[in-house]
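# What the coordinates show
In case you want the letters, here they are:
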Amino acid sequence: MALTPRQQRLRGHLWDDSGTAGAAPKLRRAAVYPLLFGVVFALGINWPFLATGVKSIDPVWMVAFRLLGGAATVFTFAALTGRLTRPPREDYPMIVSVAVFRLSLVFILVFTALTIVPPGRSSILTWTAALWTVPIAVAFGGERMNPLRWLGLTVGIAGIVLVFDPTRLDWGDTRVILGHVMLLGAAILNSSVSVHVRRHRWVASPLALLPWQLLVATIPMVVVALIAEGIPRIDWTAQLVAIVIYQGTAATGFALWGQLTVLRSLPAISTNIGLMGVPVIGLLSSSVLVDEPLTFSIVAGLALVLLGVAASVLADAPTEGA
């Protein structure tokens, strides 16, 4: 369908078609930062929702419901907008990478850990992905650090350590240690996929691939849930239904598309440092919604994380018009 002149002008403001011929366009810098903020907010406020949901739904089934809802949302949107097409063979590795590692494995690790670790602390450990992205992106992604990125990363990690406060952790409880290890494992998987997303030569757009990524993740997850847990017995309430719907729409459909789009438009290191804003929202929303305490060290750590995010954004400023 041909675009009207007004639609063409709007597309020109949002998307950069000047890349490699045949490759999907990237979002312009003026539009990518608002999208990044939307993703950060949607994922951050989801932590207390998740912590509430896994009290009533087994973590494996919660993963299955989230993926199933996300797949239904994205497939419906793609079909209604005429964007539902078969993925090109060149993008198969990206479908497998996101479906298996970024979705299935990360969700299982995080949702299981949430039955052990409070949601605010869980969000901090999961979003230490920026820490692991640095060596991975430098070693395998060919990226380089500049002073502002180093500053943003250092200040952000200092804030995470301050909020985390390992001196208050019960190191004698094996279950608690396992929960924290699962969250760190999820962070490493997240950062690895982030670098892959950035380095992959995309043919289709993230929105075009997202239905297939969710489908590839959903089918085996539902089978695993049925084998491991059987048919779930759930006492459905209005609150629980709302949580499950939010998982599929905002926290999966929108947030995953947003992350993939941002990762294609900004360097992997800068994107992951920017996503360190997720635990900020996670901690604040957990304090308000599930009464997780905010101590002085947490507040000071939040301030350092915000400074790290700001330095990350400034590090990309010289190429803003690119």
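In short, a report on the structure. Model, not experiment: these values are computed from the prediction.

Helices and strands together make up the secondary structure of the chain, namely 14 helices and two strands. Here the chain holds 322 residues, and the buried ones make up 50% of them. Considering only contacts within the chain whose residues lie at least 6 apart along the sequence, 86% involve residues at least 24 apart. With the model as given, the accessible surface of the chain reaches about 14900 Å², and the carbon-plus-sulfur share is 69%.

This part is about the packing of helix α6 (residues 119-126) against helix α9 (residues 174-199). Where α6 meets α9, the axes come as close as 8 Å, and the angle between the chain directions of the two elements is 40°. As summarised for this structure, α6 and α9 are arranged oblique, according to the angle between their axes. Counted together, Arg-121, Ser-122, Leu-125 and Thr-126 of α6 and His-180, Leu-183, Leu-184, Ala-187 and Asn-190 of α9 form the full contact between these two elements. In terms of residue class, the contact of α6 with α9 is built from four nonpolar, four polar and one charged.

Before going further, it helps to spend a moment on the packing of helix α5 (residues 92-113) against helix α11 (residues 238-265). Two elements in contact, α5 and α11, have axes whose closest approach is 13 Å; the angle formed by their N-to-C orientations is 120°. Once α5 is placed against α11, the crossing between them reads as right-handed. Along its contact with α5, which presents Val-98, Arg-102 and Leu-103, the element α11 presents Leu-256, Gln-259 and Leu-260. Taken together, the residues of the contact of α5 with α11 break down into four nonpolar, one polar and one charged.

Even without being a glycine, Asp-291 presents a positive backbone phi close to 60°. Looking at the element boundaries, Asp-291 is found in the loop between α13 (277-289) and α14 (296-315). By relative accessible area, Asp-291 is classed as exposed at 65%.

In this model, α13 (13 residues) spans 18 Å end to end at C-alpha, consistent with the 18 Å of a helix rising 1.5 Å per residue. Regarding α13, the residues found buried are Gly-277, Val-278, Pro-279, Val-280, Gly-282, Leu-283, Ser-285 and Ser-286. Looking one or two residues beyond α13, the residue adopting positive phi is Asp-291, at roughly 60°.

This part is about the packing of aromatic side chains. Under the definition given, this model contains six aromatic pairs. Following the ring pairs from residue to residue traces out a cluster consisting of Trp-61, Phe-65 and Trp-236.

The next subject is helix α3 (residues 46-53). Within α3, six of the eight residues are buried, which leaves the element mostly enclosed by the surrounding structure. Taken together, the buried positions of α3 are occupied by Asn-46, Trp-47, Pro-48, Leu-50, Ala-51 and Gly-53.

A few words now on empty space enclosed by the protein. Counted by the stated rule, this structure contains two cavities of 30 Å³ or more. By volume, the largest cavity amounts to about 190 Å³. In terms of lining residues, the largest cavity is bounded by 18 residues, among which Leu-43, Arg-66, Arg-102, Phe-107 and Trp-127 are the most central. For the lining of the largest cavity, the secondary-structure elements that each account for two or more residues are α3, α5 and α11. With six residues, the single largest contributor to the lining of the largest cavity is α5. Partitioned by chemical class, the residues of the lining of the largest cavity number eleven nonpolar, five polar and two charged. Its boundaries defined by the atoms lining it, the second largest cavity holds a volume of some 90 Å³. Taken together, 13 residues line the second largest cavity, and the ones lying closest to its centre are Arg-102, Asn-190, Ser-194, Gln-259 and Leu-263.

The topology assignment puts Ile-45 in the loop between α2 (29-44) and α3. Linking Ile-45 and Pro-279, residues 234 residues apart in sequence, is a C-alpha distance of 9.0 Å.

What follows covers the side chain of Ser-285. With respect to the secondary-structure elements, Ser-285 resides in helix α13. Residue Ser-285 is classed as buried on the basis of its relative accessible area of 9%. Discounting chain neighbours no more than four positions away, the residues touching Ser-285 are Gly-44, Ile-45, Pro-48 and Val-290.

Relative to the assigned elements, Thr-73 resides in helix α4 (residues 59-80). In this structure Thr-73 comes out as partly exposed when scored by relative accessible area, which is 29%. Between the alpha carbons of Thr-73 and Ala-250 there is a distance of 9.5 Å; along the sequence they are 177 residues apart. Once residues lying within four places of it in the same chain are set aside, the contact partners of Thr-73 are Gly-248 and Thr-249.

Reading the values: rules and limits
- Residues numbered from 1 in each chain as written.
- Predicted model: local features only at pLDDT ≥ 70, side-chain atom pairs only at ≥ 80, totals over all residues.
- Heavy atoms only, no water.
- Helix = DSSP H or I, 4+ residues; strand = E, 2+ residues; numbered from the N terminus.
- Buried < 20%, exposed > 50% of the residue type's maximum accessible area, 1.4 Å probe, protein only.
- Contact = heavy atoms within 4.5 Å.
- Areas by Shrake-Rupley, 256 points an atom, 1.4 Å probe, with all protein chains shown as cover.
- Axes fitted to C-alpha atoms, helices over the stretch in contact; angles between N-to-C directions.
- Parallel < 35°, antiparallel > 145°, perpendicular 65-115°, else oblique.
- Nonpolar A, V, L, I, M, F, W, Y, C, P; charged D, E, K, R; others polar.
- Left-handed = near helix turned anticlockwise from the far one by under 90°.
- Expected span 1.5 Å × (residues − 1).
- Phe/Tyr/Trp six-rings, centres within 6.5 Å; stacked < 30°, edge-to-face > 60°.
- 1 Å grid on protein atoms, 1.4 Å probe; cavity = no way out; pocket = protein on both sides within 12 Å on 5 of 7 lines; lining within 4 Å.
- Points joined across faces, edges and corners; volume = space filled by probe spheres on them.

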